[in-house]
Amino acid sequence: MGTDIHPLGMGRCALVYNASYWGCPSAAKVVQDGDGHADAQAWLNHELRVLPQLTHTNIVAFRHYAHLTYHGVHALVMELMVGGNLQAVVERLDAAGTALRADVFLNIALQVTCGLEYLHAQGLVHADIKPENILLSAPPSDRPDGTVVLPPGTAVKLCDFGVALRFADDDEVHSRGYTPGFLAPECAAGGGADGGGARRPPARPAPSRDMYALGVVLHELLVSGGGGERSFVSRTRVADEPDGQLQGLPSLPPRHPWPSLGVGGGGSSGPSPPVPPRARLCEKLPTAVRLTRALLAPDAAARPTAHRLRTALAELYHREAAAVQRADATVERVAADADAAAGAAMAAAGAATAAAVAARTAAGGGGHGAGHAASPLRTATDSQGSWPFGGGASPMLPPAVRGRAPCGHPTTVRFVHKPPGSERA
């Protein structure tokens, strides 16, 4: 690859670049030949077997695969998502202390859930759901009220299927590709050890594993991303676990717990730690908080399925979207009324000005140009000192000389037509 080409993103063992496929802007996931990561090629080959078989609005589309021997790389060409990934949104919210607008949060959650529902219906578990693997078709923007929104029609799609597993899959290579911060409790408790002695999840995952990871993602959007610290373990109050650690995982500091808003249950008797400003979203969406907590249940059987979650989120989203539309319509109506009132005030001011000018003109002896048709011969001044072209006193002469000729005597100006050649030399 050229040295002047900069990647769009970076994964465990691959780089993603801007590309073009038959003139269509695309993204190319590139793995070097002989990559030092032992599983890099295996993960890419596995994604090549999985991704072309998936066709869904909320799953990134496969386009092409090429082994570019002259560059020494393998390239998986996919749909380009110009809005970046959800991790950038989480970091943006953390850094600015802002919140997603309620309908935007529900829209993101609903689209991710739809993608998972389709994936699970195909007998697949993604096995690595996290903000970095959730892409946006358009970048977010800030509103004056301090919320973050997405452009209308923004698509949210799942990517990176290098470790996706069939329900009965027992491939150890793909099983090692999980992210510990999003690992379900039953995976940590039931896994064995890989060649390096590190814990790995069970060989036969279930869809509930993806649902738990989705719960972590939604928690990051609702409360905090923890400043990039992936430490979502049992000591957090979000999962309602007792103090301590999950079997097979180290004890790590908890993330921000749920704020004491009277929703979702849980909480401690002591003083609550500082909560990020966007936790106010929890006040607006108590049902979404309860659904997120259900996804984080220690018991896998207690977590809602993707179908059940999608049904609940769809109802919430449509209700909230309708409320936003009503609010926007009210704002537009108020703005239109204000514009109309301003226009009427300007028209009234113009009419008043015109009436005042007309009254002043009438009081000064006729309007501009009055009487010109009756007599083309007019005196420069009359007994009242009026300007011969109407409108009262001359606007171009100072008061001291108004009504006088330069010599100080009244003067008559006549417009006389002389036949050609009548002038004397």
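What counts and what doesn't
- Residues numbered from 1 in each chain as written.
- Predicted model: local features only at pLDDT ≥ 70, side-chain atom pairs only at ≥ 80, totals over all residues.
- Heavy atoms only, no water.
- Helix = DSSP H or I, 4+ residues; strand = E, 2+ residues; numbered from the N terminus.
- Buried < 20%, exposed > 50% of the residue type's maximum accessible area, 1.4 Å probe, protein only.
- Contact = heavy atoms within 4.5 Å.
- Areas by Shrake-Rupley, 256 points an atom, 1.4 Å probe, with all protein chains shown as cover.
- Salt bridge = Lys/Arg side-chain N within 4 Å of Asp/Glu carboxyl O.
- Pairing = 2+ DSSP bridges.
- Expected span 1.5 Å × (residues − 1).
- Core = buried A, V, L, I, M, F, W, Y, C linked by side-chain atoms within 4.5 Å.
- Axes fitted to C-alpha atoms, helices over the stretch in contact; angles between N-to-C directions.
- Parallel < 35°, antiparallel > 145°, perpendicular 65-115°, else oblique.
- Nonpolar A, V, L, I, M, F, W, Y, C, P; charged D, E, K, R; others polar.
- Left-handed = near helix turned anticlockwise from the far one by under 90°.
- Arc of directions from axis to C-beta.
- Polar contact = N/O pair within 3.5 Å; in protein donor to acceptor, adjacent residues only side chain to side chain.
- pLDDT = per-residue confidence, 0-100.

### Comments concerning the overall build of the protein chain
Of regular secondary structure, the protein chain possesses 9 helices and 12 strands. Buried residues in the protein chain amount to 40% of all 425 residues. Contacts spanning at least 24 positions in sequence make up 67% of the contacts within the protein chain whose residues lie at least 6 apart. Counting every atom, the protein chain has about 21,600 Å² of accessible surface; 58% of that belongs to carbon and sulfur.

### What about the pattern of salt bridges?
In total, this model carries 11 salt bridges according to the counting rule given. Note that R101 is salt-bridged to D103, the shortest N-O span being 2.7 Å. D103 matches R101 in its accessibility class, with the two residues each being buried. The closest approach of N and O atoms between E117 and R310, which form a salt bridge, is 2.8 Å. Here the residue E117 occupies a position in helix 3 (residues 102-121), and R310 occupies one in helix 9 (residues 306-363), the gap between them amounting to 193 residues. Among the residues examined, R310 registers a relative accessible area of 25% and is labelled partly exposed. Residues joined in a network through salt bridges with shared partners are K29, E47 and D160.

### Considering the pairing of strand 5 (residues 73-79)
Of all the 7 residues making up strand 5, 7 are buried; the element is thus mostly covered by neighbouring parts of the structure. Bridge count for strand 3 (residues 24-32) against strand 5 is 7 bridges, and the pairing is antiparallel. Bridge pairing in strand 5 links V30 to A75. Both strand 4 (residues 62-68) and strand 5 contribute to a ladder of 6 bridges, which runs antiparallel. If you follow H67 over to strand 5, its bridge partner there is H74. Taken together, strand 4 and the strand that follows it, strand 5, pair antiparallel across an intervening segment of 4 residues, in which G72 is found at a positive phi of about 70°.

### Quick look at helix 6 (residues 207-222)
Look at helix 6: 23 Å from first C-alpha to last across 16 residues, which is about the 22 Å you get at 1.5 Å a residue. With 15 of 16 residues buried, helix 6 lies mostly within the body of the structure.

### Some details on the nonpolar core
The biggest cluster of nonpolar side chains holds 75 residues, and the ones touching the most others in it are L100, F105, I108 and F161. With 11 residues, helix 3 is the single largest residue contributor to this core. Apart from residues no more than four positions distant in its own chain, L100 is found in contact with V89, L93, F105, I108, T147, V148, L221 and L281. Counting residues in hydrophobic clusters, the runner-up holds 5 residues, among them A28, V30, V73 and A75.

### Some points on the packing of helix 3 against helix 6
Contact pair helix 3 / helix 6: the axes reach a minimum separation of 11 Å and the direction vectors enclose 170°. Between helix 3 and helix 6, the angle falls in the class roughly antiparallel. Of the residues in helix 6, those touching helix 3 at F105, I108, A109, V112, T113, L116 and H120 are P207, D210, M211, L214, L218, L221 and L222. Among the residues forming the contact of helix 3 with helix 6, the class breakdown is 11 nonpolar, 2 polar and 1 charged.

### Brief notes about the packing of helix 6 against helix 8 (residues 286-295)
Two elements in contact, helix 6 and helix 8, have axes separated by 8 Å at closest approach and are oriented at 140°. Put simply, helix 6 runs oblique to helix 8. For the pair helix 6 and helix 8, the sense of crossing is left-handed. Contacts from M211, Y212, L214, G215, L218, H219 and L222 of helix 6 reach helix 8 at V289, T292 and L295.

### Notes on helix 2 (residues 86-96)
The complete set of buried residues in helix 2 reads L86, Q87, V89, V90 and L93. Buried residues along helix 2 cover an arc of 160° about the axis, so they all sit on one side. Set apart from the buried face of helix 2 by more than 90 degrees, the exposed residues are A95 and A96. Among the residues of helix 2, the N-terminal cap falls to N85, whose side-chain oxygen and the backbone nitrogen of Q87 are separated by 3.1 Å.

### As for the confidence of the model for the protein chain
Caution is warranted with low-pLDDT regions, since their predicted coordinates should not be read in detail. In the predicted model, the protein chain carries a mean pLDDT of 75, and the fraction of residues at 70 or more is 64%. In the predicted structure, residues 227-254 sits below a pLDDT of 50 and forms 65 contacts with residues beyond four places in sequence or in another chain. Here residues 369-390 scores under 50 on pLDDT; set against residues more than four positions off or in separate chains, the count is 32 contacts.

### Here we look at unusual backbone geometry
The phi dihedral of W22 is positive, around 50°, even though this residue is not glycine. Mapped onto the elements of the fold, W22 is located in the loop between strand 2 (15-21) and strand 3.

### With respect to the sheet that holds strand 9 (residues 141-142)
Taken together, the 3 strands give an open sheet; going across it, the order is 6-10-9, and neighbouring strands pair in mixed fashion. Since the sheet does not close on itself, it has two edges, and those belong to strand 6 (99-100) and strand 9, each with one partner.

### Here's the deal with the sheet that holds strand 2
Read across the open sheet, the 5 strands follow the order 1-2-3-5-4; overall the sheet is antiparallel. Strand pairing shows two members of the sheet lacking a second neighbour, strand 1 (9-10) and strand 4, which therefore form its edges.

### Considerations on the side chain of K130
Within the element layout of this structure, K130 appears in the loop between strand 7 (124-125) and strand 8 (134-136). The exposure class of K130 is buried, given its relative accessible area of 12%. Ignoring anything within four residues of it in the chain, the contact list for K130 reads R12, T179, F182 and V217.

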